[in-house]
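# Descriptive analysis of the structure
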Number of protein chains: 2
Amino acid sequence: MAGLIGTVTLNLALDVTYGVDELVVGGSHRVTDIRQRAGGKGVNVARVAATLGHQVLALGFVGGVTGELVAEELFDAGLTALLTPIRGETRRTVAIVNGQDGDATIFNEAGPSVSEDEWRAFHDRMPWARLGVLACSGSLPPGLPVDAYAELAVRARHHDVLTVIDAGGEALVAAAKAGAVVRANAAELREALGNDISVEEGARQLVVTGATAAVITDGSRGMVAASKSGAWRALPVERVAGNPTGAGDACTAVVAAAVAESPEPDWAVVLKSAVAASAAAVLTPVAGDIDLAAYQRWQPQVAVQSL
Amino acid sequence: MAGLIGTVTLNLALDVTYGVDELVVGGSHRVTDIRQRAGGKGVNVARVAATLGHQVLALGFVGGVTGELVAEELFDAGLTALLTPIRGETRRTVAIVNGQDGDATIFNEAGPSVSEDEWRAFHDRMPWARLGVLACSGSLPPGLPVDAYAELAVRARHHDVLTVIDAGGEALVAAAKAGAVVRANAAELREALGNDISVEEGARQLVVTGATAAVITDGSRGMVAASKSGAWRALPVERVAGNPTGAGDACTAVVAAAVAESPEPDWAVVLKSAVAASAAAVLTPVAGDIDLAAYQRWQPQVAVQSL
């Protein structure tokens, strides 16, 4: 089970999607269609990794009846989960999808507070011996320290498990210092290191700070990876139209799967898969899904340059 | 217990209110404030009647975890309830309240289907002997016949219980034929009887059709009541700014309370209380609440004319 990918979603949600004919501010709308599924960036990572054929274990907190619905949906989706119960009620997000143009308007509940005891219980049940990698993504719930991911990375290291951390700002720098493989987009990188820095420089700087590697998504300019062995830029496959939510999570899933196989993968190869998976995620309407045929078609076509 | 007011809400809901800083179509919003309570027009009627000091019994269908939340909230609000379980999941409504101007944008789930067996179970548990009046309001869930309220009115008559039915269109005419006290607003009245009819004529026509009485809210023009003894118009107290949702339900609560005391109340007196209660409901931000002090101040001031 050395390849098992643990995905951490500290602020799990029940993602509810309402279809309406036309969204009018101040209006009263009949909901024509309702969908519900487990959400949070870590769940997207788990879904994509499972779709790509990897074994995953979804980790997080659940509370109340909404937490039960999240646990049920993970089960129904075939995702193995190890969930720590909390006193608070798991949050919901509501996405209103406009029938006119398919655009989504999103409302995110902050989520329940996690106590120190609950955070300790989460650590106590981490199945370190079974994990090949630990991938941490998404916002932190109220009550947890800003370096919660870094704390997980340090503990993971004690068990010889590498961590992939998708974060921005202070949490990104803390994760780099803790030796994780760090993931961010260009905006999050600049939020952490300053507005003037280029994506290449920023990725290299995170490695100097202590990161095992840094993989930064750069929108329509592709992706950059840096490690102690070098730095690479992958160019996007082609102009893809669709829903960009979840594209970064698809990248994280590919990075986590690569790190689960080898702590020092060939980053040029990883970038090819990451770019193809992100683009294949944009093609699907729901975050966490990817178009597997498009992924397989694009993966060999991605161009990667050494920097 | 002859004065007990049974309120029927066949399409109960959990009303969720999300506060956001500013609602932007296509945007992603942090929810700054969440409130949840039992909803549906019949629940508003029950809340107002209870606030006015009457004994109420809330009747309706509940299913799933959302149904449990609705039942809990009714209990916490001090409202006695007799709820019939159904297989479907109780619906939610979501209201997004804009922090800029307090305006609400509302999303209504249709609600679960009610089967014939579940409808029969609802009838079987009606505590007719304990009821002074039965007040029916709000939309019908999928699966029930359009004359479901009229059917309740006919059964109620067999038990010497009078029914107050707030409905529009076909259901309004069916309720009148069944001998109920009917409640509607001017738009619903015209939807049922034609666009050319005046509110006075319409109210009288519903009585000719068979209604024990008709009480029609007419927006800023006040309210009209008609019975076999005559017809009356009450003028509004003063220009009231606020949330008009629930104002009609406050009127229904007053009408139901009057009918519970006497099947032939003095409609001129009832209209005074109904107008004051509706205006006092507009002053509060949440449907089902009324400003009791404003109600008591306004009630003696309402002007009523015989037509």
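Residues numbered from 1 in each chain as written. Chains lettered and ligands numbered in written order. Predicted model: local features only at pLDDT ≥ 70, side-chain atom pairs only at ≥ 80, totals over all residues. Heavy atoms only, no water.

Check the secondary structure of chain A and you find 10 helices and 15 strands. In terms of overall dimensions, chain A is globule-like: its C-alpha atoms have a radius of gyration of 19 Å, near the 19 Å expected for 307 residues. Principal-axis analysis of the C-alpha atoms gives chain A an extent of 55 × 45 × 40 Å. Residue burial in chain A is summarised as follows: out of 307 residues, 55% are buried. Sequence-distant contacts in chain A: of pairs separated by 6 or more residues, those separated by 24 or more amount to 66%. When the accessible area of chain A is evaluated, it comes to approximately 12500 Å², of which 48% is carbon and sulfur surface. Side chains of chain A carry 23 positive and 34 negative charges; the gap between the two charge centres is 4 Å. (Helix = DSSP H or I, 4+ residues; strand = E, 2+ residues; numbered from the N terminus. Rg over C-alpha atoms; globule rule 2.2 N^0.38 Å. Buried < 20%, exposed > 50% of the residue type's maximum accessible area, 1.4 Å probe, protein only. Contact = heavy atoms within 4.5 Å. Areas by Shrake-Rupley, 256 points an atom, 1.4 Å probe, with all protein chains shown as cover. Lys, Arg positive; Asp, Glu negative; His and termini not counted. Charge placed at Lys NZ, Arg CZ, Asp CG, Glu CD.)

What follows concerns the UniProt feature "domain: Carbohydrate kinase PfkB" (unreviewed entry) in chain A. As recorded in UniProt, the sites labelled "domain: Carbohydrate kinase PfkB" (unreviewed entry) are residues 21–285 of chain A. Strand forms 25% of residues 21–285 of chain A and helix 39%; the C-alpha atoms that close the span are 17 Å apart. (UniProt positions renumbered as here; feature names shortened; annotations may be inferred.)

If you look at the biggest cluster of nonpolar residues, it comprises 121 residues, and the most contacted ones within it are Val255(A), Trp267(A), Val255(B) and Trp267(B). Counting 46 residues, the second largest nonpolar core, distinct from the first, contains Cys136(B), Ala148(B), Ala167(B) and Ala226(B). (Core = buried A, V, L, I, M, F, W, Y, C linked by side-chain atoms within 4.5 Å.)

Of the residues lining the interface, 23 residues belong to chain A; the matching set on chain B comes to 23 residues. Interface area for chain A against chain B, summed over the two sides, is near 2100 Å², with a carbon-plus-sulfur share of 60%. In this assembly, chain A and chain B are joined by 0 salt bridges. Joining chain A to chain B, the criterion identifies 14 residue pairs in polar contact (both at pLDDT 80 or more). Secondary structure elements with two or more residues in the side of chain A that touches chain B: β2 (13–20), β3 (28–30), α2 (64–76), β7 (91–98) and β8 (104–108) of chain A. (Buried area = accessible area lost by both parts, 1.4 Å probe. Salt bridge = Lys/Arg side-chain N within 4 Å of Asp/Glu carboxyl O. Polar contact = N/O pair within 3.5 Å; in protein donor to acceptor, adjacent residues only side chain to side chain.)

In this section: the packing of helix α5 (residues 169–177) of chain A against helix α6 (residues 186–193) of chain A. Residues and elements named next belong to chain A. Across the interface, α5 lies against α6 with an axial gap of 8 Å and an inter-helix angle of 80°. As the angle between them shows, α5 and α6 are arranged roughly perpendicular. Side by side, α5 and α6 meet where Gly169, Leu172 and Val173 of the first sit next to Glu188, Leu189, Glu191, Ala192 and Leu193 of the second. When grouped by side-chain class, the residues that make up the contact of α5 with α6 number 5 nonpolar, 1 polar and 2 charged. (Axes fitted to C-alpha atoms, helices over the stretch in contact; angles between N-to-C directions. Parallel < 35°, antiparallel > 145°, perpendicular 65-115°, else oblique. Nonpolar A, V, L, I, M, F, W, Y, C, P; charged D, E, K, R; others polar.)

Turning our eyes to something else, we now look at the packing of aromatic side chains. Two descriptors summarise a pair of aromatic rings, namely the distance from one centre to the other and the angle between the planes of the rings. Residues and elements named next belong to chain A. Considering all chains together, one arrives at 4 aromatic pairs over all chains under this definition. Taking 5.7 Å as the distance between ring centres and 20° as the angle between the ring planes, the aromatic pair formed by tryptophan 119 and phenylalanine 122 counts as stacked. Of this pair, tryptophan 119 and phenylalanine 122 are both found in helix α3 (residues 116–124), 3 residues apart, which corresponds to roughly one turn of the helix. Across the pair, exposure class does not vary: tryptophan 119 and phenylalanine 122 are buried alike. When the ring centre of tryptophan 298 is taken as origin, the NZ or CZ atom of arginine 297, which lies over that ring, is 5.5 Å away. (Phe/Tyr/Trp six-rings, centres within 6.5 Å; stacked < 30°, edge-to-face > 60°. Lys NZ or Arg CZ within 6 Å of the ring centre and 35° of its normal.)

Two chain copies, one operation linking them: a rotation about an axis together with a shift along it. Expressed as a screw transformation, the operator carrying chain A onto chain B has a rotation angle of 179° and an axial translation of 0.0 Å, and the superposed copies differ by an RMSD of 0.0 Å. Taken together, these values place the two copies in the relation of a two-fold axis. No C-alpha of chain A lies nearer the rotation axis than that of Val65(A), which sits 3.3 Å from it. (Least-squares fit on C-alpha atoms with pLDDT ≥ 70 in both.)

Residue and element names in this part refer to chain B. Ordered by their spatial adjacency, 10 strands build an open sheet running β6-β5-β1-β9-β10-β11-β12-β13-β14-β15, and the pairing between neighbours is mixed. Each having just a single partner strand, β6 (80–85) and β15 (304–306) make up the two edges of the open sheet. In this sheet, neighbouring strand axes are inclined to one another by 15° on average, regardless of whether the strands run parallel or antiparallel. As paired strands, strand β1 (residues 5–9) and strand β5 (residues 56–62) are joined by 5 bridges and run parallel to one another. Considered in β5, the bridge of valine 8 is made with leucine 59. The strands touched by helix α5 (residues 169–177) are β10 (162–166) and β11 (181–185); relative to β11, the strand with the most contacts, the crossing angle is about 160°. Helix-sheet contacts for helix α6 (residues 186–193) involve β10, β11 and β12 (213–217), and the interaxial angle to β11 is about 110°. (Pairing = 2+ DSSP bridges.)

Looking now at the pattern of salt bridges. With the rule as written, the count across this model stands at 21 salt bridges over all chains. For Asp33(B), the salt bridge identified is with Arg35(B), shortest N-O distance 3.3 Å. Residue Arg37(B) pairs with Asp289(B) through a salt bridge whose shortest N-O separation is 3.1 Å. Here Arg37(B) is found in strand β4 (residues 33–39), whereas its partner Asp289(B) is found in the loop between α9 (267–282) and α10 (292–298), with 252 residues between them in sequence. Here the salt bridges share partners, and the residues they tie into one network are Glu200(A), Asp218(A), Arg221(A) and Arg233(A).

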